[in-house]
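Geometric and topological summary
The lines below spell out each chain.
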Amino acid sequence: MASASAIRDGCITNLLAASVIGPGQVSPNYAVMESTSACCGVVNVTGFISEAMTFGNNREGTATIFVELKLKDTGDPVTLVANVPGFIDRVITSLESDDTLQGTVKAIERIEVSWDPHIVETLGSVSWLPVDMLVTAQRF
């Protein structure tokens, strides 16, 4: 059975390998936002639904993972918001290039991405744009 953390890690590895955020890093840890001045991202699981087709030893079914991706603002929030549609295209293309998410699921069935361009969050001197992703996949 694919766990939420394994699927999250598969997403991070995929986004890093494809250099989706450019030279920046992708991490489940917020420290990346403080350690680099480049654009970077933080990936966190905000929900997980596991639906089994059968019960017992055969645990095939679907997993729906809710992921929040926070994109760091590199000093120009207007440019950050303007670049999000192209960034989202690269995220989807990257995830579709390995629909097993590094072998954590059988195959991705659906990817949904949404964001509100009017919301940019700030903590201390770091600002980021939250992007919500919903990934539904067949699991082992």
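The coordinates are above.
In this report, the structure presented in the accompanying data block is examined. Counting restarts for each chain: residues are numbered from 1 in the order of the written sequence. This being a predicted model, a pLDDT of at least 70 is required before a residue's local features are given, and a value of 80 or more before pairs of side-chain atoms are given or counted; all residues contribute to the totals for chains, interfaces and linings. Just so you know, side-chain values use all the structure's heavy atoms and leave hydrogens and water out.

1. Concerning the overall build of the protein chain
Short version of the rule: Each helix is a run of H or I in the DSSP string that is no shorter than four residues. Each strand is a run of E no shorter than two, and both are numbered from the N terminus. Atoms counted for the radius of gyration: C-alpha only. Globule rule: 2.2 Å times the number of residues to the power 0.38. Think of it in three bands: with a 1.4 Å probe and only protein chains considered, a residue is buried below 20% of the maximum accessible area for its type, exposed above 50%, and partly exposed in between.
A tally of helices and strands in the protein chain yields three helices and six strands. Along the chain direction, N to C, the helices and strands of the protein chain fall in the order α-β-α-β-β-α-β-β-β. Over its C-alpha trace the protein chain gives a radius of gyration of 15 Å, about what one expects of a compact globule, namely 14 Å for 140 residues. C-alpha atoms of the protein chain, sized along the principal axes, occupy 50 × 25 × 25 Å. Across the 140 residues in the protein chain, those meeting the buried criterion constitute 42%.

2. A short note on unusual backbone geometry
In this structure, Leu 101 is a non-glycine residue whose phi angle is positive, near 50°. Relative to the helices and strands, Leu 101 resides in the loop between α3 (77-97) and β4 (107-115). We classify Leu 101 as buried; its relative accessible area is 0%. Phi at Gln 102 is positive, roughly 65°, even though this residue is not glycine. Its location among the elements puts Gln 102 in the loop between α3 and β4. Gln 102 gets classed as partly exposed once you look at its relative accessible area, which sits at 41%.

3. Overview of the nonpolar core
The line we're drawing: Note on terminology: a nonpolar core comprises buried Ala, Val, Leu, Ile, Met, Phe, Trp, Tyr and Cys residues joined through side-chain atoms within 4.5 Å. Residue contacts are defined here by distance: any two heavy atoms, one from each residue, within 4.5 Å place the two residues in contact.
Formed by 28 residues in total, the largest nonpolar core has its most connected members in Leu 69, Leu 71, Phe 87, Val 91, Leu 95 and Leu 101. Sorting the residues of this core by element identifies α1 (4-17), β3 (61-72), α3, β4 and β6 (126-139) as the ones contributing at least two each. Ranked by the residues each element gives to this core, the list is headed by α3, at six residues. Non-local contacts of Leu 101, meaning those with residues more than four positions away in its chain, are made with Ile 7, Gly 10, Cys 11, Leu 95, Ile 108 and Val 135. With six residues, the next largest nonpolar core counts Met 33, Val 42, Val 126 and Trp 128 among its residues.

4. Regarding the packing of α1 against α3
The condition that has to hold: Only the contacting stretch of a helix is used when fitting its axis, a line to C-alpha atoms as for every element, and angles between N-to-C directions run 0 to 180 degrees. We call two directions roughly parallel when the angle between them is under 35 degrees, roughly antiparallel when it is over 145, roughly perpendicular when it lies between 65 and 115, and oblique otherwise. Less than a right angle of anticlockwise turn of the near helix away from the far helix marks a crossing as left-handed, whereas a clockwise turn marks it as right-handed. Amino acids are sorted into nonpolar (Ala, Val, Leu, Ile, Met, Phe, Trp, Tyr, Cys and Pro), charged (Asp, Glu, Lys and Arg) and polar (every other residue, Gly among them).
Interaxial distance between α1 and α3 falls to 9 Å at its minimum, and their mutual angle equals 110°. By the angle between their axes, α1 is roughly perpendicular relative to α3. Seen along the crossing, α1 lies across α3 with a hand that is right-handed. Packed against α1, whose contacting residues are Cys 11, Asn 14 and Leu 15, the element α3 presents Val 91, Ser 94, Leu 95 and Ser 97 at the interface. Split into classes, the residues belonging to the contact of α1 with α3 amount to four nonpolar, three polar and no charged.

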